[in-house]
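Secondary and tertiary structure notes
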Amino acid sequence: MDVHDRLAQEHAEVAAPGTQDPSDEQGAQAGVGRRRFLGYILAAPTLAVAAQLGEAAVGPTPAHAAAGSLPELTELFDLNDMLTAAALPTAALITIHVNADGTASFALPRAEVGQGITTSTAMLIAEELDLPLEKVRVTLADARPELLFNQLTGGSNTTISTYTPIRVAAAIARKRLLEAAAELLGAEITTLTSKAGVITAPNGRTATYGSLAEKAASRTTVRVAADLKPRSDFTVIGTARNRVDALASVTGRKQFAMDLHVPGASPAMVCRPPTINGTVRSVENLAAVRAMPGVTDVATISTGVAVRARTFGQCIDAVRALKVDWGPGTAERASDDTVLRELKAAEIPLVVPKLGPLAKTVEGSFTFHFASNSALEPNCAVADVRPGRAEIWAALKSPIVAQEAIAAKLGLLPGAVTVHVTEGGGSFGRKLFSDAALEAAEISKAMGKPVKLMWHRTDEFRQGRTHPMATSRVRATYALGKVLTYEQRHTSVSTDFGHGLGEIITASAAKLPVGDLTFSETMFTLTQQSPYDLGLTTQLLNEVDKGFNTGSMRNIYSPNVRCAQELIIDRLADEMGKDRLHFRRQLVKGDRARAVLDKVAELGDWGRQLPAGVAQGIAVHPEYHGVVAVLAEIDCRPETTGRHIPDAYTGPRVTKVVCAVDVGLAVNPKGLQAQMMGGIMDGIAITLTSGLHLKDGKFLEGSWDNYFYTRQWNAPPELEIVVMPPTSGEPGGAGELAVGAAAAAVACAYGAATGTMPTTFPLNHSGPLGFEPLPAVPPIPQSPTDGLDRAY
């Protein structure tokens, strides 16, 4: 019996008889009727609309079948639900405008950092407004404190939290345009049709949205109701679309913070300490550096010594020339070994005793080293601080917190600080922190001039944000073919959640002496969800050591937690004499998780004959109303691990990945595939090659060239990503979903290929360093002049 036959047989055994296909929306909504939502037509010269919190639902709420076991908290209410609920009260404050040129414009209160949310947002508007996608203009909103929790970009929440409010506003706009057209064309509104921004009457007369924009406007704010389109009428949502900013990206016309032309703003950089968070005692050669070519200003700030010059090259020269007497930092003399001992000492004990002669125990202890949260775009910001006011430009995922923090640092009222959110070149949690914006504001104030601050890549790796080092200890017991208990104790260097939930109150609470651990425990509890029924399950977190610059890097705790759990699942399957895939199928909770597991097993041909040293691994990860499965094949044969590529780490290579993802309703399947691809590359990196080495209070890695992120020679030649058919009428989270499953599948494949369960990540961390560390003084290297020699 091959894998396909076995899966079909097991599906018949596991699926409940008479269950309804969850993707059958028409059946699921039978008897419920169309949902009617409330919103506003706002007083404005041309049509402006907004959604109101809540809906006037017609019909009963559908019941949910009881599960076979008690649900986890995250199955009932997770981080994404919390963020969505927090955003709802201010939904009416974000508006869509229909303009006289026939376009619709919307200032999105989120940050576009490459994840494609400007495209998916434009698709929502285009769908409900019956407007071509190219006529929808989505920009990024400035910091708006009145939005409270509704301007935080994180937790894979943007599409979930804005899906209904944006659609409601667009539906109200379309309804208002139809009313205006009915009056103009002398026709009943029910006889009119709208398509591509044009309304047509039965007699063939037409009116464009642009011609109706003023007529449809209101002098006063009016409360109205509108119906949303049923999914059966969708022509945009759920279709694969190219990014709306694709052309600008590939032609160099897309503008990031460093591309902006702010009058008088000159390049600036900071000379940073040799150890983490060191302080300036004194500067020996201020006058000499101020006299260097192009240098206009030098000033000591809270994080180092800032220089301003005509070019960034001159800034680099000045930073390297500075002679600074540095004070100690917050992690002096710390190393990987000292932090590991601290984590081990802080582990919460496992408590399940031996359960008798028939019960057996499987245990594992895993170490996950620091990882860099650097983005491809260097950390940067533009600041213009003048007496009584300040203006900031930066890619910020928590701009309200940035505005409040900058105001406090400058001694200004928040209303005197204008924060413009620019598009960013990557983030993965990094731009939740406004480090660069705060520094730029401080430098501009000290120098009395506008600045364009850019971090060097070495700054980012040595003083920037990291995914905290952690351990995960796991114990599972089983008897008579059944898993009875599962305990996991995750211990981490303290995770900085100083961005809070996007506003200053929770941001401040997250920094309190006790509040920080409480905040971390809350985040852990609201994000960790096991896809398996493992009997009595406990997953607990403890955090120690606040001396590091950490952050909620992509997927926060999940990649480490999921990796450890999936490795233990493999051990349990082996000890119980079961196939690793079919063991998971018996344990997995829910049809959606089983479906993605089956899909990758089928497409990846699970269990096929492979050469010695080559093996498969498989993993499932549920989070934020989505679920993903990943099957990975890895080649650990000597001829592969011994490959030589100049200035590179090779090692084992992932040769094939199959990914199946279910996010309920995928607004843009092409964008979802791109998100999965990025998450898979992240997962491969953190399992195999990408980590930071801590020694004597500093990280040794100094840039991407020695951080060994997944490159062409380590990326899988075969990659297949399947977006599952819709299983609900609303989208789930996607931005972080693939990382944990990919990291775990690769780790499991490595264990199968080598016959040894890996316990330290990344796998290359304990081997030879593989590069010559850059010196810590000066803090950044000379600009390279041998680029062509390294092109291959």
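Treat the numbers as computed from the prediction; the structure is a model and nothing was measured.

Together, Leu-73, Leu-76 and Phe-77 make up a nonpolar patch on the protein surface, roughly 290 Å² of accessible area in all. Inspection of the secondary structure assignment puts Phe-77 in the loop between helix H3 (73-76) and helix H4 (79-87). Judged by relative accessible area, which is 35%, Phe-77 ranks as partly exposed.

So, on to the pairing of strand S25 (residues 614-623). In the case of a regular strand, side chains alternate between the two sheet surfaces. Across the 10 residues that make up S25, a large majority, 10, are buried. Judged by which residues are buried, S25 turns out to be covered on both faces: Val-614, Gln-616, Ile-618, Val-620 and Pro-622 on one side and Ala-615, Gly-617, Ala-619, His-621 and Glu-623 on the other are all buried. Strand direction decides the pairing type here: S25 and strand S26 (residues 626-635), joined by 10 bridges, are antiparallel. The residue bridging Val-620 from the neighbouring strand is Ala-629, located in S26. What sits between S25 and S26 in their antiparallel hairpin is a turn of 2 residues, with Tyr-624 showing a positive phi close to 50 degrees.

One can describe the packing of helix H17 (residues 558-575) onto helix H18 (residues 580-587) by two numbers: an axis separation of 9 Å at closest approach and a directional angle of 105 degrees. With respect to their mutual orientation, H17 and H18 come out roughly perpendicular. Contact with H17, carried on its side by Glu-566, Ile-569, Asp-570, Leu-572, Ala-573 and Asp-574, involves Arg-580, Phe-583, Arg-584 and Leu-587 of H18 and no other residues of that element. Classifying every residue of the contact of H17 with H18 gives 5 nonpolar, no polar and 5 charged.

Taken in spatial order, the 5 strands line up as S24-S23-S22-S15-S31 in an open sheet, and their pairing is mixed. The strands lining the two open edges of the sheet, one partner per strand, are strand S24 (536-544) and strand S31 (760-761). The pairing of strand S22 (residues 470-479) with strand S23 (residues 482-493) spans 10 bridges and is classified as antiparallel. Bridging across to S23, Val-474 finds its partner in Gln-488.

What follows deals with the packing of aromatic side chains. What the rule picks out here adds up to 13 aromatic pairs. With a centroid separation of 5.2 Å and 70 degrees between ring planes, the pair formed by Phe-370 and Phe-699 is classed as edge-to-face. On the criterion of sequence distance, the pair formed by Phe-370 in the loop between strand S15 (360-368) and strand S16 (371-372) and Phe-699 in strand S29 (residues 698-699) is long-range, its members being 329 residues apart. Neither Phe-370 nor Phe-699 differs from the other in exposure class; each is buried. Residues Phe-497 and Tyr-557 carry aromatic rings whose centres are separated by 6.5 Å and whose planes lie at 50 degrees to one another, so their mutual orientation is tilted. Within this pair, whereas Phe-497 is found in the loop between S23 and helix H15 (504-509), its partner Tyr-557 is found in the loop between S24 and H17, the two being separated by 60 residues in sequence. Since its relative accessible area comes to 2%, Tyr-557 is described here as buried.

Attention shifts here to the pattern of salt bridges. Evaluated as defined, the whole model comprises 43 salt bridges. One salt bridge connects Asp-459 with Arg-272, and the closest N-O pair in it is separated by 3.4 Å. Of this pair, Asp-459 sits in helix H14 (residues 457-463) while Arg-272 sits in the loop between strand S10 (266-271) and strand S11 (279-283), and the two are 187 residues apart along the sequence. Each member of the pair, Asp-459 as well as Arg-272, is classed as buried. Among the salt bridges present, the one from Lys-599 reaches Glu-602, with a minimum N-O distance of 4.0 Å. One end of the pair is Lys-599 and the other is Glu-602, both in helix H19 (residues 591-603) and 3 residues apart, which spans about a single turn. Since its relative accessible area comes to 36%, Glu-602 is described here as partly exposed.

Our next topic: the packing of H17 against helix H22 (residues 737-754). Contact geometry of H17 with H22 gives a least axis separation of 8 Å together with a crossing angle of 40 degrees. Crossing handedness for the pair H17 and H22: right-handed. For the pair formed by H17 and H22, the contact residues are Pro-559, Arg-562, Cys-563, Glu-566, Leu-567 and Asp-570 on the first element and Val-739, Gly-740, Ala-741, Ala-743, Ala-744, Ala-747 and Cys-748 on the second. Of the residues belonging to the contact of H17 with H22, the class tally is 9 nonpolar, 1 polar and 3 charged.

Rules and cut-offs
- Residues numbered from 1 in each chain as written.
- Predicted model: local features only at pLDDT ≥ 70, side-chain atom pairs only at ≥ 80, totals over all residues.
- Heavy atoms only, no water.
- Patch = residues over 30% accessible without salt bridge, like charges linked within 9 Å, V, L, I, M, F, W, Y side chains within 5 Å.
- Areas by Shrake-Rupley, 256 points an atom, 1.4 Å probe, with all protein chains shown as cover.
- Salt bridge = Lys/Arg side-chain N within 4 Å of Asp/Glu carboxyl O.
- Helix = DSSP H or I, 4+ residues; strand = E, 2+ residues; numbered from the N terminus.
- Buried < 20%, exposed > 50% of the residue type's maximum accessible area, 1.4 Å probe, protein only.
- Pairing = 2+ DSSP bridges.
- Axes fitted to C-alpha atoms, helices over the stretch in contact; angles between N-to-C directions.
- Parallel < 35°, antiparallel > 145°, perpendicular 65-115°, else oblique.
- Contact = heavy atoms within 4.5 Å.
- Nonpolar A, V, L, I, M, F, W, Y, C, P; charged D, E, K, R; others polar.
- Phe/Tyr/Trp six-rings, centres within 6.5 Å; stacked < 30°, edge-to-face > 60°.
- Left-handed = near helix turned anticlockwise from the far one by under 90°.

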